[in-house]
Amino acid sequence: MPVARIGFYGSLADIFGRERELASPAEGRTIAELRTALARLDPEGEAAILRPGIRAAIDDRFVGEEAVALPGQRVEFMSPLSGG
Amino acid sequence: VACTTRLAVGPIDAGAELAEFVAAAEGDGAVVSFCGLARGTASDGSALDWLHLEHHPRLTALSLQAIAQAGAEKFALSRVCVVHRCGAIRPGETIVFVAAASPHRRAAFDGANYLMDRLKTDALFWKREEGPGGSRWIEPTDADHADAARWGD
């Protein structure tokens, strides 16, 4: 099965690592489905990936929960931002 | 509008940045600048050794440019400069330098204020404090979100 490459930023990277790969069907997976798949990996990960304020991007564009990531596209989940 | 933004991997010389900005602000009547420093203590009062600012390889620079542009348009600023550190920062070092120029002072004050509020919540950085007791991620507070929301964007 093809894979989805997923990157993590901020505190999420402490839990999931900087990047990991998940099996993904050829028709892709929505952001919501990817969150659910990641949440199943471990209890700490579930709380982290499902909490409010975690943004998602596909190929450097911020997207909503129903956006579909196709195999080969880069998905990124980002913890709440803290600049300045 | 001239918007200059830069991601700095090394120390920021705020004095030099301001001098350059003022020199280029010919014709304007006001320049307001702000310099954010890395604090030496965490929110719980414990000592800090380092502040780490993680950034995104492509989107962080774009977010700085978008915030600078939004501030320039919102307050009809003549010039904007935003320089933001990334990586490991020692207490006392400059994290961010912001400057706004306009024909009159009110727009420059408001513009610099706006830029900082937006940078706190919308610039793509992830901040981690490191001290003798370990490391801790810092996330925007309710007050930070309220500060950004008051501009009505």
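Report on the accompanying structure. Predicted model, so just to flag it, every value in this text is computed and none were measured.

With respect to the sheet that holds strand β4 (residues 79-85) of chain B
All names here are of chain B. Reading across from one edge, β1-β4-β6-β2 is the order of the four strands in this open sheet, with mixed pairing throughout. Each end of this open sheet is capped by a strand with a single partner; those strands are β1 (2-8) and β2 (30-37). Neighbour to neighbour, the strand axes of the sheet diverge by 5° on average, direction disregarded. Pairing between β2 and strand β6 (residues 94-102): eight bridges, direction antiparallel.

Digging into the packing of helix α2 (residues 59-74) of chain B against helix α3 (residues 105-122) of chain B
Residue and element names in this part refer to chain B. It is at 10 Å that the axes of α2 and α3 come closest, and there the two elements cross at 150°. Classified by the interaxial angle, the pair formed by α2 and α3 is roughly antiparallel. Along this stretch, α2 crosses α3, giving a crossing that reads as right-handed. Judged by residue contacts, S63, L64, I67, A68, A70, G71 and K74 of α2 engage Y114, L115, R118, L119 and D122 from α3. Partitioned by chemical class, the residues of the contact of α2 with α3 number seven nonpolar, two polar and three charged.

Overview of the interface of chain A and chain B
Every contact between the two is made by 19 residues of chain A and, on the other side, 24 residues of chain B. Across the chain A to chain B interface the summed buried area is about 1700 Å²; carbon plus sulfur atoms make up 51%. When residues of chain A are sorted by the area they lose upon contact with chain B, A:L81, A:S82 and A:G84 head the list and together hold 38% of the total. Between the two partners, chain A and chain B, sit three salt bridges. Note that B:E139 and A:R51 form a salt bridge whose closest N and O atoms lie 2.6 Å from each other. At the boundary of chain A with chain B, the tally comes to ten residue pairs in polar contact (both at pLDDT 80 or more). Mapped onto the side of chain A that touches chain B, the elements with two or more residues apiece are β1 (3-9), α1 (11-16) and β7 (74-78) of chain A. Residue composition of the side of chain A that touches chain B, grouped by class: six nonpolar, six polar and seven charged.

Focus on the packing of α3(B) against helix α4 (residues 142-149) of chain B
Residue and element names in this part refer to chain B. Contact pair α3 / α4: the axes reach a minimum separation of 8 Å and the direction vectors enclose 130°. Considering their axes alone, α3 and α4 lie oblique with respect to each other. The hand of the α3/α4 crossing is left-handed. Listed contacts from α4 to D117, K120 and T121 of α3 are D144, H145, D147 and A148.

What counts and how
Residues numbered from 1 in each chain as written. Chains lettered and ligands numbered in written order. Predicted model: local features only at pLDDT ≥ 70, side-chain atom pairs only at ≥ 80, totals over all residues. Heavy atoms only, no water. Pairing = 2+ DSSP bridges. Helix = DSSP H or I, 4+ residues; strand = E, 2+ residues; numbered from the N terminus. Axes fitted to C-alpha atoms, helices over the stretch in contact; angles between N-to-C directions. Parallel < 35°, antiparallel > 145°, perpendicular 65-115°, else oblique. Left-handed = near helix turned anticlockwise from the far one by under 90°. Contact = heavy atoms within 4.5 Å. Nonpolar A, V, L, I, M, F, W, Y, C, P; charged D, E, K, R; others polar. Buried area = accessible area lost by both parts, 1.4 Å probe. Salt bridge = Lys/Arg side-chain N within 4 Å of Asp/Glu carboxyl O. Polar contact = N/O pair within 3.5 Å; in protein donor to acceptor, adjacent residues only side chain to side chain.

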